[in-house]
Each structure stands twice: as structure tokens, then as C-alpha cells.
Amino acid sequence: MSVPKPHTAQFRFYGSLNDFRTGSGAAQARYSFSGRPAIKDAIEAQGIPHPEVDLVLVNEKPVSFGYALSAGDRVSVYPRIESLPRPSSTLRPPLPAPPRFVCDVHLGQLARYLRMLGLDTRYDTERADPVLARISDEEQRILLTRDVDLLKRSRVQFGAFIRAQAPRRQLMDVARRFGLEQHADPLSRCLTCNAKLEPASSEVVDAQVPPRARAAHDEFAQCPACDSVYWAGTHVDRMQQLIDKVTSS
């Protein structure tokens, strides 16, 4: 019995998607397959996690991730390009607004920076990959990670691979990609546990505030979840500089 020859389709990947194709050569590739695989599976088999893809054209027409690949198809795969108008996506629902995030275990400082901007951001060093994918799916959160395989999990609809290693650079990249300047509510969340802060009188927080801070300030905020107390110390000036950089970009 003769073995049927595999089918082939021509793929072309654009822009930042080629970051995931190390050692694969040119942005254009001939892909061999059998049967009728979903185009999402064919894209990920070539190294690219599906949340990084914003548009797929097959024979110049937009398709969904469920499209069944056929022999001879010409496939163009695009990332999100900030400078271009965003088309109506055939790949996933609209992003949650305001955006909500969940960060993997390697992005603790980024999580704190996002909370500093007032953005709802879950982070826990004990959460395994399947749990992060479930949280992203069930709570409609954008999963931020430096783990490509985590982004490829089928439950993840919204996500981004964090390329930068420096947390401030990570923040600027996320802010640009998701338009965070439109949604920021700076210094409104607890940096430790993510809860919304509440105003607190000096009498209520007296035991938790150093005498010098009590003498210099009369406005305080407290986290209702972990009881952390916040006030406008000198560190706030440094934080405000970063906030201004993000919100004015």
C-alpha cells in the first residue's frame, strides 16, 4: 500500500511574529501536513503562540483559528501593529475593557507596576501554568508571560509574550500594546495584593505609620484585604515620574 504524499501550504509571517521562528530562516515557509489541521495548530507548530496573532488571511481572505487548512493554501499571518487601524478580528472576542491582567511567576515587578497604574493584575508565585491559563480564560484576563508554551495553551484567548527583561521596559511595552494610558487610575490599588485602596483616617492607621510620616501627612489610604497603609512619601514622586512617562506615551 502506497503512503499518500503530505500536502503543503505556503505561510508568510509578518513583523514581530518572526521573533518566534529562531533558526527557521526566511519569513516565508512551506508547511507540510496531512489531513485538514486547524490553522491555529499549523501556526503553533511553526513556533508562534496564537495570542500573538491578530489576523490570518488565507488566499487573501480573513479566517478564524478553526479554519481547516487545505493543500495549496496561501496563508498570511500578522501580529498586532499599533500604527494601523484595528480590523474586526475573526480570531477572538474584543479585549476586556478596562484591561485586566494575570502575570506569570517571572513577572512580579511588572505586576506591581501595573497595580501602581491602578490596573487589576493577579500575581502569585505559587500558581502553575494550568492555573494561570484557567484564570485567564475564566476571568477574561490578558496573560502576560515569558513562557511561549504557556501562551500556546488552548484556554488562553488573550495574552502577550513579554520580550524585554527589564521591568520598566516591560511596562512600557505592555502600555503601548494595550493602550494603558486610557485606563490608568494611578495609585488606587494595593501593590501587594491588588485590592482597591480605601481612604483611612490618621487615627485608624496610627499604629502602622512612622511618627515622621504622621507629622508630615494627613491623608492616608489602606488596603481592605491586607491592611497595608499608603501615604504620599518621597517614593511617590519617583513612582509619579514613571506614571507620567507611561500615561503620556
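To start, this report covers the structure provided alongside it. Nothing here was measured: the structure is a model prediction, and the numbers come from that model.

1. Some remarks on the sheet that holds strand β8 (residues 142-145)
Right, so step 1: Sheet architecture is open: four strands sit in the order β7-β6-β8-β9, paired in parallel fashion. Edge positions in the sheet fall to β7 (121-122) and β9 (159-161), since each of these pairs with one other strand and no more.
Right, so step 2: Alignment of strand β6 (residues 101-103) against β7, held across two bridges, turns out to be parallel. From the neighbouring strand, Val102 faces β7, where its bridge partner is Arg122.

2. Side note on the environment of Glu44
Right, so step 1: Mapped onto the secondary structure, Glu44 falls in helix α1 (residues 39-45).
Right, so step 2: When its relative accessible area of 11% is taken as the criterion, Glu44 is described as buried.
Right, so step 3: Placed 123 residues apart in sequence, Glu44 and Pro167 show a C-alpha to C-alpha distance of 27 Å.
Right, so step 4: In this view, Glu44 contacts Pro49, His50, Leu151 and Lys152; residues no more than four positions away in its chain are not counted.

3. Describing the packing of aromatic side chains
Right, so step 1: Going through the model one piece at a time under the given rule, you end up with seven aromatic pairs.
Right, so step 2: Ring centres of Tyr14 and Tyr78 lie 4.4 Å apart, and the angle between their planes is 10°; this geometry places the pair in the stacked category. Separated by 64 residues along the polypeptide, Tyr14 in the loop between β1 (7-13) and β2 (28-33) and Tyr78 in strand β5 (residues 74-78) bring together distant segments of the chain.
Right, so step 3: By the ring-pair criterion, three or more aromatic residues cluster together here, those being Phe11, Phe13, Tyr31 and Phe33.
Right, so step 4: Positioned above the aromatic ring of Tyr14 is the side chain of Arg12, whose terminal nitrogen or guanidinium carbon lies 5.6 Å from the ring centre.

Cut-off values and rules
Residues numbered from 1 in each chain as written. Predicted model: local features only at pLDDT ≥ 70, side-chain atom pairs only at ≥ 80, totals over all residues. Heavy atoms only, no water. Pairing = 2+ DSSP bridges. Helix = DSSP H or I, 4+ residues; strand = E, 2+ residues; numbered from the N terminus. Buried < 20%, exposed > 50% of the residue type's maximum accessible area, 1.4 Å probe, protein only. Contact = heavy atoms within 4.5 Å. Phe/Tyr/Trp six-rings, centres within 6.5 Å; stacked < 30°, edge-to-face > 60°. Lys NZ or Arg CZ within 6 Å of the ring centre and 35° of its normal.

Any functional reading would require information that these geometric values do not contain.
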